[in-house]
Amino acid sequence: KAGVTQTPRYLIKTRGQQVTLSCSPISGHRSVSWYQQTPGQGLQFLFEYFSETQRNKGNFPGRFSGRQFSNSRSEMNVSTLELGDSALYLCASSSEGAGANVLTFGAGSRLTVL
Amino acid sequence: GIQVEQSPPDLILQEGANSTLRCNFSDSVNNLQWFHQNPWGQLINLFYIPSGTKQNGRLSATTVATERYSLLYISSSQTTDSGVYFCAVSISGGYNKLIFGAGTRLAVHP
């Protein structure tokens, strides 16, 4: 069974640009959530999608957005990049069911903003 | 919001030693997971343990939900156990919004 796939794995952008990250969940998983990891703030929840609907949202500015497609694949977008957006962005998928809220994470997309 | 505190922040062990990592949380939770992050950044789920005790090889975990803490035990540590261990929780209605602790950084030396 393939795991959670994130693309791209590494990318470099400059301030003011925008970026789109992609996440393909484990087959059959309908929940996809996104997290940002930085040395200063640790791991922080961005948002979660379930069946194409945003089910929960963290405390990030509106520059951070996401969506989920009918095949459960998800994308997140960051517009008008700032230096502080440099981080490891992690995506996780989960099935739903009794005791099934176990999150499986992808390898992450490491974003550097110059 | 709910607070998650992990201790110790750093831990250095010789190969073969045992260790206990602790996670305290400030409110009732319906989901608690332990993760290991390897040096390449990959987060690996170790346990889903909102209550009770589980064991998987050299690792075991116990969560006492009524007292709001969880423990992760590593026995006979190996160099491959090195990395950062995170405890993460979610509250009722939080779905898959996990709140992570700051982690325990473990270094196992040969």
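Please read these numbers as outputs of a predicted model, since none were measured by experiment.

**Student:** Please clarify how the interface of chain A and chain B should be interpreted in this entry.
**Tutor:** For interface size, the figure often reported is the accessible area lost on association. Of the residues lining the interface, 21 residues belong to chain A; the matching set on chain B comes to 17 residues. Carbon and sulfur atoms make up 54% of the surface buried where chain A meets chain B, a total of about 1600 Å² over both sides. Where chain A packs against chain B, one counts zero salt bridges. Looking at the side of chain A that touches chain B, the element that brings in the most residues is strand S4 (residues 31-38) of chain A, giving four residues. Across the side of chain A that touches chain B, the residue classes tally to nine nonpolar, eight polar and four charged.

**Student:** Is there a simple way to think about the sheet that holds strand S1 (residues 4-7) of chain B in this case?
**Tutor:** Strand pairs in the sheet, formed through backbone hydrogen bonds, run parallel or antiparallel to each other. All names here are of chain B. Strands sit in the order S1-S3-S8-S7-S6 across an open sheet of five strands; the sheet is antiparallel. Every other strand in the sheet has two partners, leaving S1 and strand S6 (52-56) as the edge strands with one partner each. Within this sheet the neighbouring strands show an average axis-to-axis angle of 15°, counted without direction. Both strand S7 (residues 59-64) and strand S8 (residues 69-74) contribute to a ladder of six bridges, which runs antiparallel.

**Student:** What exactly am I supposed to notice about the pattern of salt bridges here?
**Tutor:** Any two side chains of opposite charge can pair, on the condition that their charged atoms come close. Residues and elements named next belong to chain A. Applying the stated rule across the entire model yields six salt bridges over all chains. In this structure, Arg63 engages Glu82 in a salt bridge whose closest nitrogen and oxygen atoms are separated by 3.6 Å. In this pair, Arg63 is assigned in the loop between strand S6 (53-57) and strand S7 (64-68) and Glu82 in the loop between strand S8 (74-78) and strand S9 (87-94), connecting sequence segments 19 residues apart. On the basis of relative accessibility, which here comes to 16%, the residue Arg63 falls in the buried class. One salt-bridge network, held together by shared partners, links Arg63, Glu82 and Asp85.

**Student:** Would you mind showing me how to read the side chain of A:Arg63 here?
**Tutor:** Residues and elements named next belong to chain A. Among the polar contacts made by the side chain of Arg63, one reaches the main-chain carbonyl oxygen of Ser79 at a distance of 3.0 Å. A polar contact of 3.2 Å, which involves the side chain of Arg63, links it to the backbone oxygen of Thr80. Not counting the four nearest positions on each side in its chain, Arg63 is found in contact with Asn77, Val78, Ser79, Thr80, Leu81, Glu82 and Asp85.

**Student:** Looking at this model, I keep getting lost on the state of the cysteines. Mind explaining?
**Tutor:** Disulfide: a covalent bond formed between the sulfur atoms of two cysteine residues. Summed over all chains, the structure comprises two disulfides over all chains. With its sulfur 1.7 Å from that of its partner, A:Cys23 forms a disulfide with A:Cys91. On the sign convention where negative is left-handed, the bridge of A:Cys23 and A:Cys91, at about -55° about the S-S bond, is left-handed. In this pair, A:Cys23 sits in strand S3 (residues 19-24) while A:Cys91 sits in strand S9, placing the two residues 68 residues apart along the sequence. Assigned by exposure class, A:Cys23 and A:Cys91 land together as buried. A sulfur-sulfur distance of 2.0 Å marks the disulfide that ties B:Cys23 to B:Cys87.

What counts, and at which threshold
Along each chain, the written sequence defines residue order, and numbers are assigned to residues from 1. Chain labels run from A onward and ligand labels from 1 onward, assigned in the order the entries are written. Where totals are concerned, whole chains, interfaces and linings use all residues; where local detail is concerned, this predicted model gives features only for residues with pLDDT of at least 70, and gives and counts side-chain atom pairs only at 80 or more. Only hydrogens and water are set aside; all other atoms, that is, all heavy atoms of the structure, feed into the side-chain values. Contact between two residues is taken to exist if any of their heavy atoms lie within 4.5 Å; hydrogens are not considered. Summed over both partners, the accessible surface that disappears when two parts come together, traced with a 1.4 Å probe, is what is meant by buried area. Take a side-chain nitrogen of Lys or Arg and a carboxyl oxygen of Asp or Glu: if they are within 4 Å of each other, that pair is a salt bridge. In this text, helices come from DSSP runs of H or I with a minimum length of four residues, and strands from runs of E with a minimum of two, each type numbered from the N-terminal end. In this classification, the charged set is Asp, Glu, Lys and Arg, the nonpolar set is Ala, Val, Leu, Ile, Met, Phe, Trp, Tyr, Cys and Pro, and all remaining amino acids, among them Gly, are polar. Two strands pair under a simple rule: DSSP has to find at least two bridges between them. For helices, the axis comes from a line fit to the C-alpha atoms of the stretch in contact; other axes are also lines fit to C-alpha atoms, and the angle between any two N-to-C directions lies between 0 and 180 degrees. For the exposure calls, accessible area comes from a 1.4 Å probe over protein chains only, and a residue counts as buried if that area is under 20% of its type's maximum, exposed if over 50%, partly exposed in between. We call two N or O atoms a polar contact when they sit within 3.5 Å, provided that within protein one can donate a hydrogen and the other can accept it, with sequence-adjacent residues counted only if both atoms are side-chain atoms. Note on terminology: disulfide denotes any pair of cysteine sulfur atoms within 2.5 Å.

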